[in-house]
Amino acid sequence: MSVQPALLPGDLAAASFSRFRSAAPLVHCLTNEVVQSFTANVLLALGASPAMVVEAEEAAQFAALADALLINIGTLHADRARAMLAAAETANGAGRPWVLDPVAVGGLHYRTRFARELLALRPAAIRGNASEIMALAGLDARGRGVDSADDSAAALPAARALAQCSGAVVAVTGAVDFVTDGERDYAVCGGDPLMTRVVGTGCALSAVVAAFAVQPDRLAAVATACRVMSLAGERACAAVRGPGSFVPAFLDALYALEVTDLQENVCETY
Ligand SMILES: Nc1ncnc2c1ncn2[C@@H]1O[C@H](COP(=O)(O)OP(=O)(O)OP(=O)(O)O)[C@@H](O)[C@H]1O
Ligand SMILES: Cc1ncsc1CCO
Ligand SMILES: [Mg+2]
């Protein structure tokens, strides 16, 4: 396995974004209460469809109708947990991919236990920041050299171990996003630190990952989801004064993205 992951090739990213635009996936989002509206707007701006169907009985039914499912445990409570388990089981039964965003897993016991339960239901992809991926990997990858650290590059070994033991494609995001299936990985550059000064860019990215996880080359597709967000983020940041003007500029940049924009995935160093 390479120590320095390859950059996501522009031709793969463009092909994946083109497939996404044609498919316009319907994404069932069981996400946290802070980011629901922003997440729906990000999916709509890109050309996908969001649906936040949250009651357990309905969530179990709807997971078979949607193209993909997102489970984000940011504001977890018992009713929502019940809906999440039911929806993940339905999605698995119907052959639909589902994505786990393990918000704040690590220090908090209830959500950490619950994330372990979800992991056993085999998500197609997992997207989190460095500390979340390290903590989740620690659950099932003890003894695989998973140490503590707080940046995405340092979390790459943990992401690989998590991918190997869960079967998921794992994206660990930060200044550089790394996406791995445990055997191969891609690096995705771009974005802007301002993206961390607005709530929900990572959560919304996880919904976009779900929309891309329907594609057969899941590793390249999840990396493309990361590139779509980082490219729109860097374009938006070039034209704004701060977090307040970032959100509308970001939605506009997502809306304006063209397939050919994904061809260029340049990054001098990372
Ligand atoms: N320092 C940075 N420079 C450039 N882009 C960044 C930086 N940090 C994060 N990003 C980008 O911001 C987006 C969100 O990633 P991040 O790792 O901050 O998620 P998160 O911590 O789960 O966010 P949240 O929980 O607030 O939704 C990604 O597209 C990522 O590439
Ligand atoms: C601020 C916050 N609190 C719970 S979830 C959330 C947003 C996801 O990061
Ligand atoms: Mg997060």
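Keep in mind that this is a model prediction, so the values were computed, not measured. The written sequence of each chain sets the order in which its residues are numbered from 1. Just so you know, chain letters begin at A and ligand numbers begin at 1, following the order they were written in. Per-residue local features are limited, in this predicted model, to residues with pLDDT of at least 70; the limit for side-chain atom pairs, both in listing and counting, is 80 or more; totals at the level of whole chains, interfaces and linings are taken over all residues. Each side-chain value is derived from all of the structure's non-hydrogen atoms; neither hydrogens nor water enter the calculation.

Asker: It is not clear to me how the sheet that holds strand S3 (residues 49-51) should be interpreted in this structure. Could you clarify?
Answerer: Spatially, nine strands are ordered S1-S9-S8-S7-S6-S5-S4-S2-S3 in an open sheet, and the strand pairing comes out mixed. The open sheet terminates on both sides in strands that have one partner only, identified here as strand S1 (6-7) and S3. Strand contacts of helix H4 (residues 78-94): strand S2 (26-30), strand S4 (68-72) and strand S5 (98-101), with the helix running at about 150° to S4, the strand carrying the most contacts. Sitting on the sheet, helix H8 (residues 201-212) is in contact with S2, S4, S5, strand S6 (125-129) and strand S7 (169-173), with an inclination near 155° to S4. At least two bridges found by DSSP between two strands is the condition for calling them paired. Only runs of H or I of at least four residues qualify as helices and only runs of E of at least two qualify as strands under DSSP, and these elements are numbered from the N terminus. Contacts are residue-level and defined by heavy atoms, with any inter-residue pair within 4.5 Å sufficient. For helices, the fitted line uses only the C-alpha atoms of the stretch in contact; every axis is such a line through C-alpha atoms, and the angle between N-to-C directions lies from 0 to 180 degrees.

Asker: Even after reading the chapter, I still don't get the site of ligand 2, so can you show me in this structure?
Answerer: Nearness is judged by heavy atoms alone; a residue qualifies as near a molecule or strand once a single heavy atom is within 4 Å of it. Lining the immediate surroundings of ligand 2 are Asn 32, Val 34, Gly 74, Thr 75, Val 199 and Cys 203. Accessible surface is estimated by sampling points in the Shrake-Rupley manner with a 1.4 Å probe; for residues, cover comes only from the protein chains shown. About the coverage of ligand 2: the protein hides 60% of its 290 Å² of free accessible area.

Asker: Whenever I open this one, the UniProt feature "binding site: substrate" (unreviewed entry) in the protein chain confuses me. Can you help?
Answerer: With numbering matched to this structure, UniProt assigns "binding site: substrate" (unreviewed entry) to Met 52 and Gly 200. Checked against the lining of the largest pocket, the annotated residues just named reduce to Gly 200. Considering the arrangement of structural elements, one finds Met 52 in the loop between S3 and helix H3 (56-62). Buried means the residue's accessible area, taken with a 1.4 Å probe over protein chains only, is under 20% of the maximum for its type, while exposed means over 50%, and partly exposed covers the values in between. A relative accessible area of 26% places Met 52 in the partly exposed class. Ignoring anything within four residues of it in the chain, the contact list for Met 52 reads Cys 29, Gln 36, Thr 39 and Ala 40. Tracing the backbone through its elements, the reader meets Gly 200 in the loop between strand S9 (185-188) and H8. With relative accessibility at 9%, the residue Gly 200 sits in the buried group. Not counting chain neighbours up to four residues away, the residues in contact with Gly 200 comprise Val 35 and Phe 38. UniProt positions are given in the numbering used here, feature names are shortened, and annotations may be inferred rather than shown by experiment. Put plainly, a pocket is an open set of points on a 1 Å grid over the protein atoms alone with protein on both sides within 12 Å along at least five of seven lines, a cavity is a set where a 1.4 Å probe fits but cannot get out, and a lining residue has an atom within 4 Å of a point.

Asker: Quick question: what am I supposed to make of the UniProt feature "binding site: ATP" (unreviewed entry) in the protein chain here?
Answerer: According to UniProt, the "binding site: ATP" (unreviewed entry) feature falls on Arg 127 and Thr 173. Across 47 residues, the annotated set stays spatially compact, with a maximum C-alpha separation of 7.4 Å. As for the lining of the largest pocket, the annotated residues named previously contribute Arg 127 and Thr 173. With respect to the element layout, Arg 127 can be found in strand S6. Arg 127 sits in the buried class, given a relative accessible area of 4%. Here Arg 127 is in contact with Leu 100, Asp 101, Pro 102, Ile 133, Ala 171, Thr 173, Gly 202, Cys 203, Leu 205, Ser 206 and Val 209, once residues within four sequence places are set aside. We define a polar contact as two N or O atoms separated by no more than 3.5 Å, with the added condition that, inside protein, one atom must be a possible hydrogen donor and the other a possible acceptor, whereas residues neighbouring each other in sequence contribute only through side-chain atom pairs. For Arg 127, the side chain forms a polar contact with the side chain of Asp 101, separated by 2.9 Å. As for its placement among the helices and strands, Thr 173 is situated in strand S7. With sequence-adjacent residues up to four places away left out, Thr 173 is seen in contact with Arg 127, Gly 128, Asn 129, Ala 130, Ser 152 and Leu 205. A polar contact of 2.8 Å, which involves the side chain of Thr 173, links it to the side chain of Arg 127.

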